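Each chain, written out:
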Amino acid sequence: MKKKVILAQSLAVMLALTACAAPEQSEGAPVVSGSVSNSEKASGSSESTPTPSAGQSDEMVYGTASLTYQEFFSGDVTSTGSFDAVSSATTSKYEIMPNMLTDFKDPESNAGGYHITGVKNVNVAVAASDYEAYMAVNPTFVRSENGEPVQYKTVLMEDGKAVYSETKFNVADTVTDAKAELITGGNWGDYQINVTDGAKTHLRNTREDEFDINSQIQGIILETDSGLKVGMEHLQSIWVQPYEVSFNVLDDNSHNTHIAEYDNLPELSKLVGEDLTKITYIMPDSAYVYEFDGIYIKPIYKGEISASVPESYDAVTISTNQFDDFENGMLTVTYTLGSGRSREVTTLLETPLTNGTDTYGLNTAEIASAQKGGVYSAFISSESYANITVALPATEDQKAALQELVTTAQQKLTQDAANRSLEEHIQEAEELLGKDEAASAEIGSLIAELTQLTSDGEEKGGSGEKKAH
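Counting restarts for each chain, with residues numbered from 1 along the sequence as it is written. Local features in this predicted model are restricted to residues of pLDDT 70 or higher, and side-chain atom pairs are both shown and tallied only at a pLDDT of 80 or more, whereas totals for entire chains, interfaces and linings draw on every residue. With hydrogens and water set aside, each side-chain value is computed from the structure's full complement of heavy atoms.

The next point concerns the pattern of salt bridges. The salt bridge definition used is simple: a Lys or Arg side-chain nitrogen within 4 Å of an Asp or Glu carboxyl oxygen. The tally for this structure, following the rule as stated, stands at 10 salt bridges. The salt bridge partner of R420 is E424, with a shortest N-O separation of 3.1 Å. Of this pair, R420 and E424 both sit in helix α6 (residues 420-433), four residues apart, which is roughly one turn of that helix. Think of it in three bands: with a 1.4 Å probe and only protein chains considered, a residue is buried below 20% of the maximum accessible area for its type, exposed above 50%, and partly exposed in between. Under the relative-accessibility criterion, R420 is labelled partly exposed at 26%. Elements are defined by DSSP. Helices are runs of H or I of four residues or more, strands are runs of E of two residues or more, and each kind is numbered from the N terminus.

Moving on: the side chain of Q398. Following the sequence through the fold, Q398 ends up in helix α5 (residues 396-415). The buried category is assigned to Q398, whose relative accessible area is 0%. Residue contacts follow a heavy-atom distance rule, with two residues in contact if any of their heavy atoms lie within 4.5 Å. Residues within four places of Q398 in sequence aside, it is in contact with G373, G374, V375, S440, I443, G444 and I447.

Among the secondary structure elements, T64 is positioned in strand β2 (residues 60-68). Apart from residues no more than four positions distant in its own chain, T64 is found in contact with N121, V122, N123, T140, F141 and V142.

Nonpolar side chains in soluble globular proteins tend to end up buried together. Take the buried Ala, Val, Leu, Ile, Met, Phe, Trp, Tyr and Cys residues and link them wherever side-chain atoms come within 4.5 Å; each set so joined is a nonpolar core. If you look at the biggest cluster of nonpolar residues, it comprises 70 residues, and the most contacted ones within it are Y134, L222, F247, Y281 and Y290. If you tally residues by element for this core, the top one is strand β5 (residues 114-127), at six residues. Look past the residues within four positions of Y290 in its chain and what remains in contact with it is V175, A178, V195, D197, H202, L203, I213, T277, K278, I279 and Y281.

Bringing the sheet that holds strand β10 (residues 179-184) into the picture now. Strand order across the open sheet formed by three strands is β10-β11-β14, with antiparallel pairing between neighbours. Among the strands making up the open sheet, the edge pair consists of β10 and β14 (244-247). The mean angle between the axes of side-by-side strands here comes to 20 degrees, regardless of whether they run parallel or antiparallel. Sheet analysis places strand β11 (residues 191-196) next to β14, joined by four bridges and oriented antiparallel. Its bridge partner lying in β14, Y191 is registered against F247. Here, any two strands with at least 2 DSSP bridges between them count as paired. Angles run from 0 to 180 degrees between N-to-C directions of axes, and those axes are lines fitted to C-alpha atoms, restricted for helices to the stretch in contact.

This paragraph deals with empty space enclosed by the protein. For cavity detection a 1 Å grid was placed over the protein atoms alone, and a set of points counts as a cavity when a 1.4 Å probe fits there but cannot get out; an open set counts as a pocket when protein lies on both sides within 12 Å along at least five of seven lines, with lining residues being those that have an atom within 4 Å of a point. Grid points are joined across faces, edges and corners, and a volume is the space filled by probe spheres set on the points. Counting across every chain of the model gives four cavities of 30 Å³ or more. Of the voids in this model, the second largest cavity is the one considered here, and its volume is about 70 Å³. In this structure, the second largest cavity is lined by F72, D76, V122, N123, Q151, Y152, K153, T167, F169, Q218, I282 and P284. Gly falls in the polar group here, along with every residue not listed as nonpolar (Ala, Val, Leu, Ile, Met, Phe, Trp, Tyr, Cys, Pro) or charged (Asp, Glu, Lys, Arg). In terms of residue class, the lining of the second largest cavity is built from six nonpolar, four polar and two charged.

Rendered as C-alpha cells:
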C-alpha cells in the first residue's frame, strides 16, 4: 500500500532540488508525489486561490498539511525509499498521539488493525502560483494567516507533482549532557534507547504531558558518526513518552505483537555496527538535538534462547543450543518493585554463562520479605552481542494485581467515559491476562501504567515502563 503525498523548502531551493528528483526515491533525493495519499480532507480550503500581482515576485503561502513518512523525512534522512506504513495488529492507540496519521475509520472497518501512514499538522510553505496545483494533490493543506512559521518544509509543484525539501529546523536547544542507555531484546524492539536529561529537562518521561518534547512529537531522527540518518515512526519507534526510542532490524514481532508489520527495515538495519552520536526530536514548531559521545549498536543474537521457572520461582533454566561464541557471557536475574526513579531493583543472580542448557538457583532470600507482584527479569550480556533480554513468565501474584487494577479502572471509566487512554489500557490488560504465557515484564509494565491512570494524582519523575506510549 505505497502511499505518497508532498512537501519541501523555498522556491529557490526547490528549483535546484527538482533537477535531481526522480520517480523512484534514491539516496538523498527529495520526495516527488502527484497523488493524494491522505484520507483527511482539509477544512477551510475553499478560499480563493492566491495569485501574485503583475510585476511582483511570487509570494509564499503558509499552512499545515498531512504528509506520509516519506514526504515528512524528505531531505532530512539518508534515504526515504523504504518508507511505507507501520501496520498495527490492534484497534487501539490510534488517537494516542495527536500528530500521528492513520487510516483508522472505526472498529468495524479496522477490525484487523490499521496503518500508521505519516504525520499530521506539518508546517508547509508553497508558492502562491503553485497553491491551486498543490491543493489538487494534497487537499489536507490548510492555509494559515499567521505568516512564516519558525519551522517548515517547502513544496514546489513540478509537472503536476509535488517535491518536498529538507526541513527548515528551528533548533530550540542542543543538549550535550544527557545520558543514553541502550537496551536490547526488550518488549518493544530489537533495540531501545532510553535518554535521561541532564541539567535541562525537555523529554517527557511521565504520564504528564507538560514537557517540551511530548505526545505532540512528529518525528525522530537517529544519526551516526558515519553520517547515516534514519527516521523513526510512531508506535514502531516513537512513543507518548519520547525519552524511549525503539527500533527493529528483524521482521519479527514476537516481542511486540501489537505491530503486524514493521516498516523501513532496510534503513533501520544499517544502524547495526554504527556509533549513534545524535538524536533529533521533531516537534511541530521546534527541534531538539541531543548529542552523545557514541552509542555502539552491537549486532543482535539470532539464535533461540528460552527460559523456564518452577512454581516456587527459586531457580531459572536457560535453554539454548550453545553459547560458545559469547565472549565473557554473563547471566543476570533481577526482581523489580515500582517504576521510574522510585523503583527498587534486587539482583537475584549474576553469574558467568554456562554453555548449553543449565539451571541456575536464585537467591530468593533477598526478597523473602519484599512486596509480592514484582517483575522478574533476566538478561545475557557479552562482548559479542547486544544484551539479550530473556522473557520470564509472569507470577500469579502479578496476574492477580493486574486483574484488580482492571476492575478499578473499569469503575473509573464509568465516571470518565471519554478517557480513551484508560479504555485502551483496560483492553490491553484483558488481552494480556488471556494469554497462556504472559511475560513478567509485560504485566509489570501494565501494572505501572494502570496504577498511574487510576490514581488521583500523576506520578512524578521518570518512568522506566513503556505502555504509556
